[in-house]
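Descriptive analysis of the structure
The lines below spell out each chain.
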Amino acid sequence: MMHTIMGTRHPNISFNILFYPQYQNDNGQVVCHPGSVFEGIVQVKVAVPMPVHHLKLVFKATERVNYDAMGWEKTKNSDDRLFAIRTILWGLPTAVDLPEEAWPILEAGEHNFPFVCQMPVINYPPSFQHHLIATTFHMIVSVTKAGETAPILSKPVLVCFQPIIETIPVKNLQAFTEETRLTNQVYSIVSVPRLAYSIYDRNQSIDITVQLNSENNNNQDNITLSQLRVYIKRYYSISYKTFSRTETTVIANLDQPKLSGTCPSTITMKLKLPEESEDLPATLNYSPHLTVQYKLVVSAKVRHGPIHVKKKLFDMPIIFGTLPAGTRAPRQLEPYSNLVDNRDVINSKPTFLRPEPKNNPNEDEFLPAYGGDRPPAYPHINASSSNNNSMRFVEITS
């Protein structure tokens, strides 16, 4: 399916940002990871020739807290940016100051400008949308045209960033267990084989075993359990300077109301995990403002005389990673929290690379190489020479 993102309304110029389909997931989102590369084309349609100082592509990422919704005061020097980079696709370097009549002419027609972007091996906070905080990665095209008081901007195109989070580096040799005293004679042992899962595995479930045991080995004891419940709690913790706020949500639960309280006995339960990615973001502990954590809890209602007392039988953190079980993260992977106070170090930001020809022996159909601030050296561009019919793209909308 083709999706289009059109630029800012302007009578004589419009934009598309196009990506190769291999950089998209099953939902059509452009996805990148630490160390990954993605590429595409900026398509510019011009109705009439126009003097243009330069045309650039900007890639930005921000983590923005909704200060108003939480009643927090934002300081003037607050910086929500994770990074911001740019590359000049066509025209003059940004530092060149010439009168408008000396600017190069962008001819009428359709112009295609290839781009390639490489992510550093850094775990930025993941793409995240919430009413209290949002982390976004997006690209914008900007054209500085003669006679305009401000640059002409395209709509932002969202890029989904997914960090590298280890799920479980080695196989569990033993199950996780927790013992709880229920009465003077009866105690429970809850056993869970693993407490780490990948968010990309579908149709997952957690096996929980509850054993009811008695210290009285000669006689059979009974205990009245009115409910046995297993659930997963998700914690969003948002912090900013001295402020903090936590939002807790139960994302999966299973109740077993009818129980045999005979001891000894064994109860098995299977808790199905959510399949929607929005309900199961990866565990996060390195973001400047956001922490995502999970807990697996098993509770029971135990009757003591005329009243029922709720007791926790199991309460342990559970990890949701992005790597398959048994796969380790790269050694050079660095969390963004290590760079917060020094974001100008080398390799702390993405990089625009030189585009390479794709499945086309005629390199003349491609634009010359360009750098971050210096575009190809030509006074104008011919629309017919910039088209490339052998390249297959999928257009993405924001």
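The numbering scheme is per chain: residues are counted from 1 as the chain's sequence reads. With pLDDT at 70 or above as the cut-off, local features in this predicted model cover only qualifying residues; side-chain atom pairs require 80 or more to be listed or tallied, and sums for whole chains, interfaces and linings still use all residues. Working from all heavy atoms in the structure, the side-chain values ignore hydrogens and water.

What follows covers the sheet that holds strand E23 (residues 290-304). Strand pairing is assigned whenever DSSP detects at least two bridges linking the two strands. What counts as a helix is a DSSP run of H or I of at least four residues, what counts as a strand is a run of E of at least two, and both are numbered from the N terminus. If you walk across this open sheet you meet the four strands as E20-E19-E23-E24, and the pairing is antiparallel. Each edge of the open sheet is held by one strand with a lone partner, namely strand E20 (243-256) and strand E24 (307-317). The average angle at which neighbouring strand axes cross in this sheet is 25°, direction not considered. As judged from the 10 bridges shared by E23 and E24, these two strands associate in the antiparallel manner. Directly across from His-304, in E24, lies its bridge partner Ile-307. Working convention: axes come from line fits to C-alpha atoms, limited for helices to the stretch in contact. Angles between N-to-C directions cover 0 to 180 degrees.

Working definition: a ring pair exists when centres of Phe, Tyr or Trp rings (six-membered ring for Trp) sit within 6.5 Å. Plane angles under 30 degrees give stacked, over 60 give edge-to-face, the rest tilted. The final tally for this structure, using the stated rule, is 14 aromatic pairs. Plain terms: the ring middles of Tyr-197 and Phe-320 are 6.4 Å apart, the flat faces sit at 35° to each other, and that makes the pair tilted. Separated by 123 residues along the polypeptide, Tyr-197 in strand E16 (residues 196-198) and Phe-320 in strand E25 (residues 319-321) bring together distant segments of the chain. One exposure class covers both Tyr-197 and Phe-320, and it is buried. Their ring planes at 75° and their centres at 4.7 Å tell us that Tyr-294 and Phe-320 sit as a pair that is edge-to-face. Taken together, the residues span a long stretch of sequence, with Tyr-294 in strand E23 and Phe-320 in strand E25 at a distance of 26 residues. Buried means the residue's accessible area, taken with a 1.4 Å probe over protein chains only, is under 20% of the maximum for its type, while exposed means over 50%, and partly exposed covers the values in between.

Before going further, it helps to examine the nonpolar core. The set of buried Ala, Val, Leu, Ile, Met, Phe, Trp, Tyr and Cys residues whose side-chain atoms join them within 4.5 Å is what this entry labels a nonpolar core. The biggest cluster of nonpolar side chains holds 88 residues, and the ones touching the most others in it are Phe-38, Phe-59, Met-139 and Ile-232. Contacts were defined at the residue level, with two residues in contact if any of their heavy atoms lie within 4.5 Å. The contacts of Ile-232, once residues within four sequence positions are left out, are Ile-206, Thr-249, Val-250, Ile-251, Ala-252, Leu-271, Leu-273, Tyr-294, Lys-295, Leu-296, Ile-318 and Phe-320.

Okay, the sheet that holds strand E17 (residues 205-214) next. Spatially, the four strands line up as an open sheet ordered E14-E15-E17-E22, and their pairing is antiparallel. Both edges of this open sheet fall to strand E14 (176-181) and strand E22 (265-272), since each of them pairs with a single strand only. The sheet shows a mean angle of 20° between the axes of neighbouring strands, direction not considered. Of the pairings in the sheet, the one linking E14 to strand E15 (residues 186-192) comprises six bridges and is antiparallel in character. In the sheet register, Thr-180 faces E15, and the bridge partner there is Ser-188.

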